[in-house]
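If you want the building blocks of each chain, they are given just below.
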Amino acid sequence: MNECELTAIHDATARCIECGICETVQDEGCGCTPGMWGPFARHLAEEAARGPIDSATERLLFTCSLCDGCTQACPVDISAADIVREGRRVFHGQHPSARERWRPMMVDLVGNSFARLRAWRDISYDDAALDPHRPCASLFFPGCTLSTYGPELTMATFAHLASKHLADGMTALCCGNPLWGLGLKERGDTYANALCERLATLGTKHIIAGCPNCYRALRQSQANGLIAKDIEISALPQVLVDAGARIPAERSIAPNAETFCVYDSCSDRATRAFGNAVRALLPPGSWREMQHAGEDALCCGSGGMVSFYDVSVCQTRRTRCVGEFRETNADCLVTACVSCTNSMLRSGAPVSAHHYLELLFDTPIRWEAHRAASIELAKSDERNGMPAGLNDPILP
């Protein structure tokens, strides 16, 4: 990789004042252990130049949750997540075959895990983005996890938006965030450009993002010139709040819950677009705050695709988050991100955790069905081998 492409790494090397604030965030929050980012960036630049990245640095890169907690706290605005993404990019350049480990997250390919699971479970949508002949001015963009794990909930949400004339269509396509997170910048940019071309064909002027990660990634793509500037990008819960929606007191999901704890997604820490709106959907005064909330939110364990590298790290993060929820004595943990819900439910501890849309539309995510399908698909691949065509681009 050309030295000039290591922008974030060289920026951290030059500007880090070695105040140690990021180390405090790591100790109190995510549990990542790179130390101060300036010295780490210098070491990473040296390894990028001479090669290869050693095993200790590799582990630090791929157990980072990309939660941006360090970035939020940094007094000189060094982007820790950008350093890690560039470091991962260097690693993949040095070890091209290593990226096979993360193949399920190659969302620009037909064979990504979300598309394959939807096909295996016979989940299909009338996908506006895959029909270039149908205009769609306002597009519901639920994100990979919601559209894959909760198809009934996805359709209930879209039906509500359509009934209020807020969305003309929806798509199960990915925002591209996993590609950038893996350090595959060129592929992420190529995918975002293809998505932008598809949106232009549809005449899309408004995207309603159903996932905090999608909201952040789409807005970042727009800031980077990959998505047209004239497209409005809105956070789904705020759209629902503005349309008058509120979580009902009587429901079949968590029916006896009177107090709630909103689990803030780490990808939402900068804008609070999702967390604030979810609180507004709940009955006034019914929520209690975790020790780490808002801009101090902890990663749920799913961030950074760490589970493909060391799932025990994810489990440690899940356990800590559930512990903080229990300290609030709230009846129900409410998330704004389906991946966060999944992480909390996989912590190994009994916990009442639900995505806010489950409560709003009284429609559950059928986790057991999803997990059973995941196991069946993996067994089928072991028996029969991987099907042909999985490396085809999802947006040709």
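For every chain, the first residue of the written sequence is number 1, and numbering continues from 1 along that sequence. Local features in this predicted model are restricted to residues whose pLDDT is 70 or higher, and side-chain atom pairs enter the listing and the counts only when it is 80 or higher, whereas totals over whole chains, interfaces and linings include all residues. Heavy atoms throughout the structure, all of them, feed into the side-chain values; hydrogens and water do not.

So, about the sheet that holds strand 5 (residues 260–263). Working definition: the strands of a sheet are paired by backbone hydrogen bonds and lie parallel or antiparallel to each other. Only strands that DSSP links by at least two bridges are regarded as paired with each other. The numbering of helices and of strands both runs from the N terminus, where a helix is a DSSP run of H or I of at least 4 residues and a strand a run of E of at least 2. Across the sheet, four strands lie side by side as 6-5-7-8; this open sheet has parallel pairing. Each edge of the open sheet is held by one strand with a lone partner, namely strand 6 (287–288) and strand 8 (353–355). Pairing of strand 5 with strand 6, which is carried by two bridges, proceeds in the parallel orientation. By the bridge assignment, C261 is partnered in strand 6 with R288. Contacting strand 5, strand 7 (332–335) and strand 8, helix 16 (residues 338–345) runs over the sheet at an angle of about 165 degrees to strand 8. The criterion used for residue contact is that any of the two residues' heavy atoms lie within 4.5 Å. Axes here refer to lines fitted to C-alpha atoms; in helices the fit is confined to the stretch in contact. Angles between the N-to-C directions go from 0 to 180 degrees.

With that out of the way, let us pick up the environment of G210. By the element assignment, G210 lies in the loop between strand 3 (206–209) and helix 12 (212–223). Remark: exposure states derive from per-residue accessible area (1.4 Å probe, protein chains only) relative to the maximum for the residue type, with buried under 20%, exposed over 50%, and partly exposed in between. When its relative accessible area of 3% is taken as the criterion, G210 is described as buried. For the pair G210 and S380, spaced 170 residues apart in the sequence, the C-alpha separation amounts to 31 Å. In this view, G210 contacts F140, F141, P142, L236, F274 and A336; residues no more than four positions away in its chain are not counted.

If you trace the backbone, S286 turns up in the loop between helix 14 (273–281) and strand 6. A residue is classified by how much of its surface remains accessible, and S286, at 7% relative accessible area, is buried. With residues near it in sequence (within four places) discarded, S286 still touches E258, T259 and F260.

For the rest of this paragraph, the subject is the pattern of salt bridges. Salt bridges are identified by distance alone: a Lys or Arg side-chain nitrogen within 4 Å of an Asp or Glu carboxyl oxygen. Taken as a whole and assessed by the stated rule, the structure comprises 17 salt bridges. For the salt bridge of E18 with R42, the shortest nitrogen-to-oxygen distance reads 2.7 Å. Linking E18 in the loop between helix 1 (7–15) and helix 2 (21–28) with R42 in helix 3 (residues 37–50), this pair joins segments that are 24 residues apart in sequence. Relative accessible area serves as the criterion here: at 39%, E18 is assigned to the partly exposed category. For R42, a relative accessible area of 31% gives the class partly exposed. Between R320 and E324 there is a salt bridge, with its nearest N and O atoms 3.9 Å apart. A residue pair is termed a helical-turn pair when its members lie 3 or 4 positions apart in one helix, as R320 and E324 do in helix 15 (residues 311–328) at four residues. Among the residues examined, R320 registers a relative accessible area of 31% and is labelled partly exposed. Look at E324 and you get buried, because its relative accessible area is 5%.

What follows deals with the side chain of S380. Residue placement: S380 occurs in helix 18 (residues 367–384). Residues in contact with S380, not counting those within four places in the same chain, are W120 and G385.

Turning to the pairing of strand 1 (residues 138–141), a few remarks are in order. A two-sided burial pattern is seen for strand 1, the buried positions comprising S138 and F140 on one face and L139 and F141 on the other. For strand 1 and strand 3, the ladder comprises four bridges, and the chain directions are parallel. What sits directly across from L139, in strand 3, is I207. One ladder, built from two bridges, connects strand 1 with strand 2 (residues 169–170); its direction is parallel. Residue pairing in the sheet places L139 in a bridge with G169 of strand 2.

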